[in-house]
Amino acid sequence: MKLSNINLLETLNSPEYLPILATFSERKARKKEILFLPNHYENNVIIVKKGKIRVYLAFDDKEFTLSILEPGDVFSTHTRAYTQCLEDCEFLVSSAENFRKIIKQYPSFTFNIIQVLGDLLHNSITIINGLVFKDVTERLVEFLVNAAEEKGIITEQEIKLNLGLNIEQIAMLVGASRQTVSVLLSDFSKAGIIHRVDQRTLIITNMELLKSLGS
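This one's a predicted model, so the numbers in the text were calculated from it and none came from an experiment.

What to know about the environment of Cys-89
In step 1: Tracing the backbone shows Cys-89 in strand E8 (residues 89-95).
In step 2: Excluding residues that lie within four positions of it along the chain, Cys-89 makes contacts with Arg-27, Lys-28, Ala-29, Lys-50, Gly-51, Lys-52 and Ile-53.

Here it is as structure tokens:
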């Protein structure tokens, strides 16, 4: 689930914003590498360029995934969240102070940031609402339906969905164990609702029945 529908990377690559892009430094990190710890001493703004970055909270032995950042997503490191690469990734980094100067210098860019912040708030409330008021089945159904609407490819009566996430990563997003998600997906498959192509791709064969499980 993306934090925002706005791709800041595309925006920054437009001619008028290339001077802004030049103020960012580029970094690379390996799969499973922790990028920033809670309340990181550097207050930075990052924009994902390649790969996926997991944002999560951790308390004792429990972890709560807030989202998976994808290319074009933006995030601040000065929070109570951990950030970790789910795969080899590249990202752009700017100090928060420099980012504030950018916003002052390019007022039109501020509109894009406001849209992003609005999406962040909306998505955060959606995640919290799901964890508090919905069971695991409803959360998984909601995740699949939203993913299908965002990136699904319609083929005749089916929807091909390349999630780019394995079962463990999906479980992180819906706040469940890997085993529970695996069992639910298996049940959906037996019911003729989905067909698993591989670990990261599935086909939704009955969207209406899938949606009914989440209501």
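Now that the structure has been shown, we can carry on.
With respect to the packing of helix H6 (residues 167-174) against helix H7 (residues 178-190)
In step 1: Close contact between H6 and H7 brings their axes to 8 Å; oriented N to C, the two are set at 105°. Judged by the inter-axis angle, H6 sits roughly perpendicular to H7. Seen from H6, the contacting residues are Ile-167, Glu-168, Ile-170, Ala-171 and Val-174; seen from H7, they are Arg-178, Val-181, Ser-182 and Leu-185.
In step 2: The residue inventory of the contact of H6 with H7, partitioned by class, reads six nonpolar, one polar and two charged.

Regarding the sheet that holds strand E6 (residues 74-76)
In step 1: Pairing is antiparallel in the open sheet, where four strands are placed in the order E1-E8-E3-E6. Every interior strand has two partners, whereas the edge strands, strand E1 (25-29) and E6, have only one. Each strand axis lies, on average, 30° off the axis of its neighbour in the sheet, ignoring direction.
In step 2: With five bridges connecting them, E1 and E8 associate as antiparallel partners. Note that in E8 the partner of Glu-26 across the bridge is Leu-92.
In step 3: Helix-sheet contacts for helix H3 (residues 96-105) involve strand E3 (44-50) and E8, and the interaxial angle to E8 is about 75°.

A few points about the confidence of the model for the chain
For residues with low pLDDT, the predicted coordinates do not support detailed interpretation.
In step 1: When pLDDT is averaged along the chain, the result is 85, and 92% of the positions lie at 70 or above.
In step 2: The spread of mean pLDDT over the elements of the chain runs between helix H4 (residues 107-133), the lowest at 71, and E1, the highest at 96.

Notes on the packing of aromatic side chains
The geometry of an aromatic ring pair comes down to the distance between the two centres and the angle between the two planes.
In step 1: All chains considered together, the criterion is met by four aromatic pairs.
In step 2: Ring plane angle 75° and centroid distance 6.3 Å describe the contact between Phe-36 and Phe-91, whose orientation is recorded as edge-to-face. Highlighted residues: Phe-36 in strand E2 (residues 34-36) and Phe-91 in strand E8, separated in sequence by 55 residues. For the residue pair Phe-36 and Phe-91, the accessibility class agrees, reading buried in each case.

Observations concerning the pattern of salt bridges
In step 1: A complete count under the given rule lists six salt bridges for this structure.
In step 2: Where Lys-49 meets Glu-26, a salt bridge forms, and the shortest distance between an N and an O atom there is 2.9 Å. Placement of the pair is Lys-49 in strand E3 and Glu-26 in strand E1, with a sequence separation of 23 residues.
In step 3: Residues Asp-88 and Arg-30 are paired through a salt bridge, measuring 3.4 Å at the closest nitrogen-oxygen approach. In this pair, Asp-88 is assigned in the loop between strand E7 (82-85) and E8 and Arg-30 in the loop between E1 and E2, connecting sequence segments 58 residues apart.
In step 4: Taking the relative accessible area as the measure of exposure, Asp-88 reaches 38% and is therefore partly exposed.

Structural notes on the pairing of strand E11 (residues 194-198)
In step 1: Two strands pair when backbone bridges link them, and E11 and strand E12 (residues 201-204) are joined in this way by four bridges, in the antiparallel orientation. Within E12, the position partnered with His-195 by the bridge is Ile-203.
In step 2: In this structure, the hairpin formed by E11 and E12 is closed by a connection of two residues.

Some remarks on H6
In step 1: Taken across its eight residues, H6 has six buried, putting it largely inside the fold.
In step 2: The set of residues buried in H6 consists of Ile-167, Gln-169, Ile-170, Ala-171, Leu-173 and Val-174.
In step 3: Among the residues of H6, the N-terminal cap falls to Asn-166, whose side-chain oxygen and the backbone nitrogen of Glu-168 are separated by 3.2 Å.
In step 4: Taken from the residues just after H6, Gly-175 is the one with a positive phi, measuring 70°.

Rules of the game
- Residues numbered from 1 in each chain as written.
- Predicted model: local features only at pLDDT ≥ 70, side-chain atom pairs only at ≥ 80, totals over all residues.
- Heavy atoms only, no water.
- Helix = DSSP H or I, 4+ residues; strand = E, 2+ residues; numbered from the N terminus.
- Contact = heavy atoms within 4.5 Å.
- Axes fitted to C-alpha atoms, helices over the stretch in contact; angles between N-to-C directions.
- Parallel < 35°, antiparallel > 145°, perpendicular 65-115°, else oblique.
- Nonpolar A, V, L, I, M, F, W, Y, C, P; charged D, E, K, R; others polar.
- Pairing = 2+ DSSP bridges.
- pLDDT = per-residue confidence, 0-100.
- Phe/Tyr/Trp six-rings, centres within 6.5 Å; stacked < 30°, edge-to-face > 60°.
- Buried < 20%, exposed > 50% of the residue type's maximum accessible area, 1.4 Å probe, protein only.
- Salt bridge = Lys/Arg side-chain N within 4 Å of Asp/Glu carboxyl O.
- Polar contact = N/O pair within 3.5 Å; in protein donor to acceptor, adjacent residues only side chain to side chain.

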